[in-house]
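# Descriptive analysis of the structure
Spelled out from the first residue to the last, the chains are:
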Amino acid sequence: MRKSEVLAAESVSCLNKALCQLKDIWEEIGIPEDQRLERTNVVKNHIKNLLDMMIKEEENLKKRLISSIGTCRAQMEKLCSELQLPVFEEEEGITMLQREKNISTQVEALLNERTRRMQHLKALLDEDQDLCDILCSMPYGIAPDSVPSLDQLENFHQHIANQNAEKAKRHAEFVDLKKQIILYMEELDQIPETSFEKDVVCESEESFCLSRDNITALKLLVCQLEERKAEHEAACESHREKIQQLWDRLQIPQEERETLNDHMVFSKKRNLEALKTEVQRLEELKLQNIRNVTDAIRSEIAVFWEKCFFCTDQRQAFTPYFSEEFTEEQLALHDAEIQRLKQHYEDHKDLFEGVHRWEESWRFFLELEKKATDPTRFTNRGGNLLKEEKQRSDLQKSLPKLEKKLKAQIDEWESEQGHQFLVNGQKFLQYVEEQWELHRIEKEKEKLERHLKKTKQTEEDMLYGTAIRTPAKRKFLGSNTPNKPRKMCNATSSSSANSNSTMRSVYGGTVCRSPVPRPPLLANKAPAPRTPGAYKSPHPKKQGCNKENQGQPRTRTPLSARPVQGC
């Protein structure tokens, strides 16, 4: 039994006890029955009214609970819809009070979530508006009075993060562009003129609108300043070249040139003005020295004729070069011609330099070929012989490659120009072939000469006998002892009585005999006195040794058939 039921039973017992007490009192007093009935009816009505009032109050409470539950349930459903959350599932088998409490608690939690989301949305909207003002972009597409979902808030937050990153990127780009603009303006001696330039240079960085249009305008301004700077530098460089040419042609002293040292380096506006003034002054001075300037230009023209391999006809085509008149018109023609030649050389610089490189390589190759036939090269120490052979081998490989490359360049040049590429009036490739052919003929000629020389030497040896040819001896450092005697070869080992004695050549050990035995032509003359002993002076030139290295005439006499005493 519930406590409330026990309490109710006690209430009934108390009521019965009270009625009994009232009955006893009424009997003691002697109240009649009708009055007892009336008084009992009053008690009943009082109790009934009291209970009715209590019942009514409790029924009103029940109605309020039912109404509150309905209101809270509707509010909860609305909040769940706004917050895009699932509807709260009510528990089964609970009382009204518990249901009303649960629903009220859930509604309060949903209201708090709604308030939190709206506050977060407001903060994001304010930040987004600030970014939109700075970046000049459109606001994020979300209604400020609607409750956002968690996904919407997350996307909005990511959008804000992207906007902040874009702002940082544009700000860094703006700072870099601003530095470039200020630097270019300083180099050009230029001040901000338009309102946009003033906003960029003079205003603070935080107040500048970082819109895409402004960033594009900044880049365009930088490009304009770069072009203006490039124009200034090109103009200054052109004036410097002109000034340098005029200085050289007019032979301006170094002291006057040094006054323009700063202007010959920097390219600011004041430097350009100073260079223009100097060019104008030199032009006026040039007109006063037309002859000297024309001669100087002619010297330059001659240099470029050589660089561009102009033939005689091409050179004579420029008739003012050979004129003896020196006027402003002639000077202007010379100026135009030197500019044309310079441009022509620059347009085909690679080709001309390749031809020059081939000529230098060919000249060096011929020098190495000439050294290869020089017998004295074997006496040269220090590894030069090996180095020269390696260079000659490299040139034999590199020259054909260079010729092939030049042929491709010449073909391209001829297709562009519409006429043949000539070097000194001759087709270059034909010139190359002729050089190789001349080199081959020269080699054949040298080979033939060596063969004839060897044949003649053999005939002379067969006729007069073989002479001992001692090769040139190398001199060693630290061994120069001219007074030291040298041993003589044993002259008695061979028979000196007849002219048919065997002579051995130091070059190969060949044995040659005189074809006809005959006495020496100078046998009737007394022999020259000789130093007795087994040693001779170490000076072979004084004793007749190394005749081949002394440049003796090739005509031999029978004296060469005599046995050599020592060498």
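Residues numbered from 1 in each chain as written. Predicted model: local features only at pLDDT ≥ 70, side-chain atom pairs only at ≥ 80, totals over all residues. Heavy atoms only, no water.

Here the focus is the overall build of the protein chain. From N to C terminus, the protein chain includes 15 helices and 6 strands. For the protein chain, buried positions account for 28% of its 567 residues. (Helix = DSSP H or I, 4+ residues; strand = E, 2+ residues; numbered from the N terminus. Buried < 20%, exposed > 50% of the residue type's maximum accessible area, 1.4 Å probe, protein only.)

A few words now on the pattern of salt bridges. By the definition in use, this model includes 20 salt bridges. Measuring nitrogen to oxygen at the nearest pair gives 3.4 Å for the salt bridge that ties Asp335 to Lys286. Of the two residues, Asp335 sits in helix 11 (residues 328-347) while Lys286 sits in helix 8 (residues 269-288), which places them 49 residues apart along the sequence. Salt bridges linked by common partners bring Lys242, Glu283, Lys286 and Asp335 together as one network. (Salt bridge = Lys/Arg side-chain N within 4 Å of Asp/Glu carboxyl O.)

Another aspect to go through is a nonpolar patch on the surface. The grouping of Leu50, Leu51, Met53, Met54 and Ile55 at the surface amounts to a nonpolar patch, some 450 Å² of accessible area in total. By the element assignment, Met54 lies in helix 2 (residues 33-83). Its relative accessible area of 43% is what places Met54 among the partly exposed residues. (Patch = residues over 30% accessible without salt bridge, like charges linked within 9 Å, V, L, I, M, F, W, Y side chains within 5 Å. Areas by Shrake-Rupley, 256 points an atom, 1.4 Å probe, with all protein chains shown as cover.)

With that settled, the discussion passes to the confidence of the model for the protein chain. Per-residue confidence for the protein chain averages 76 on the pLDDT scale, and 79% of its residues sit at or above 70. Per-element averaging of pLDDT across the protein chain places strand 4 (residues 503-504) at the bottom with 37 and helix 3 (residues 96-135) at the top with 90. Here residues 472-567 is a poorly scored stretch, pLDDT under 50, and it has 109 contacts once near neighbours within four places are set aside; other chains count. (pLDDT = per-residue confidence, 0-100. Contact = heavy atoms within 4.5 Å.)

Take the state of the cysteines next. Think of a disulfide as a covalent bridge from one cysteine sulfur atom to another cysteine sulfur atom. Going through the model one piece at a time under the given rule, you end up with 1 disulfide. Bridging Cys136 to Cys209, the disulfide has an S-S length of 2.4 Å. Of this pair, Cys136 sits in the loop between helix 3 and helix 4 (150-187) while Cys209 sits in the loop between helix 5 (195-201) and helix 6 (212-250), and the two are 73 residues apart along the sequence. Given the relative accessible area of 48%, Cys136 is considered partly exposed. Of all cysteine sulfurs, the one in Cys136 lies closest to Cys132, which takes part in no disulfide; the gap is 9.3 Å. (Disulfide = S-S within 2.5 Å.)

The subject of this paragraph is unusual backbone geometry. Keep in mind that most residues, glycine aside, have a negative phi and that most peptide bonds are trans. Even without a glycine there, the phi angle at Gln84 is positive, about 55°. Mapped onto the elements, Gln84 comes out in the loop between helix 2 and helix 3. On the basis of relative accessibility, which here comes to 52%, the residue Gln84 falls in the exposed class. Although it is not a glycine, Cys136 adopts a positive phi angle of roughly 55°.

The final tally for this structure, using the stated rule, is 6 aromatic pairs. Each ring, one from Tyr140 and one from Phe156, has its centre 4.5 Å from the other, and the planes form 10°; the classification is stacked. Of the two residues, Tyr140 sits in the loop between helix 3 and helix 4 while Phe156 sits in helix 4, which places them 16 residues apart along the sequence. For Tyr140, a relative accessible area of 25% gives the class partly exposed. (Phe/Tyr/Trp six-rings, centres within 6.5 Å; stacked < 30°, edge-to-face > 60°.)

Okay, helix 4 next. The end-to-end C-alpha distance of helix 4 is 55 Å, a good match for the 56 Å that 38 residues give at a rise of 1.5 Å each. Note on helix 4: the residue one or two positions beyond its end, Asp189, has a positive phi of about 55°. (Expected span 1.5 Å × (residues − 1).)

Running from N to C, helix 9 (residues 290-307) and helix 11 point in directions that differ by 25°, and their axes come no closer than 10 Å. By the angle between their directions, the pair helix 9 and helix 11 is classed as roughly parallel. Handedness of the crossing formed by helix 9 with helix 11: left-handed. For the pair helix 9 and helix 11, contact is made by Ile290, Val293, Thr294, Ile297, Arg298, Glu300, Ile301, Phe304, Trp305 and Lys307 and by Glu328, Leu331, His334, Asp335, Glu337, Ile338, Leu341, Lys342 and Tyr345, respectively. Looking at the contact of helix 9 with helix 11, its residues break down into 10 nonpolar, 2 polar and 7 charged. (Axes fitted to C-alpha atoms, helices over the stretch in contact; angles between N-to-C directions. Parallel < 35°, antiparallel > 145°, perpendicular 65-115°, else oblique. Left-handed = near helix turned anticlockwise from the far one by under 90°. Nonpolar A, V, L, I, M, F, W, Y, C, P; charged D, E, K, R; others polar.)

Moving on: the nonpolar core. Ranked by internal contacts, the top residues of the largest apolar core, which has 44 residues, are Ile301, Trp358, Phe421 and Phe428. No other element matches the 7 residues that helix 12 (residues 349-372) contributes to this core. Aside from chain neighbours lying at most four places away, what touches Ile301 is Phe318, Tyr321, His334, Glu337, Ile338 and Leu341. Ranked by size, the runner-up nonpolar core spans 16 residues in total, among them Leu135, Leu177, Ile181 and Phe208. (Core = buried A, V, L, I, M, F, W, Y, C linked by side-chain atoms within 4.5 Å.)

This part is about helix 8. Between the first and last C-alpha of helix 8 there are 29 Å, a value that for 20 residues agrees with the 28 Å anticipated at 1.5 Å per step. Taken residue by residue, helix 8 has Asn271, Leu272, Ala274, Leu275, Glu278, Val279, Leu282 and Lys286 as its buried positions. Each buried residue of helix 8 lies within a common arc of 160° when the element is viewed along its axis, so the set occupies one face. Structural note: helix 8 exposes Arg270, Thr277, Gln280 and Gln288 on the side pointing more than 90 degrees away from its buried face. In this structure, the buried side of helix 8 is in contact with helix 6, helix 9 and helix 11. (Arc of directions from axis to C-beta.)

Looking now at the environment of Phe310. Within the element layout of this structure, Phe310 appears in the loop between helix 9 and helix 10 (312-316). Classification of Phe310 by relative accessible area gives buried; the value is 9%.

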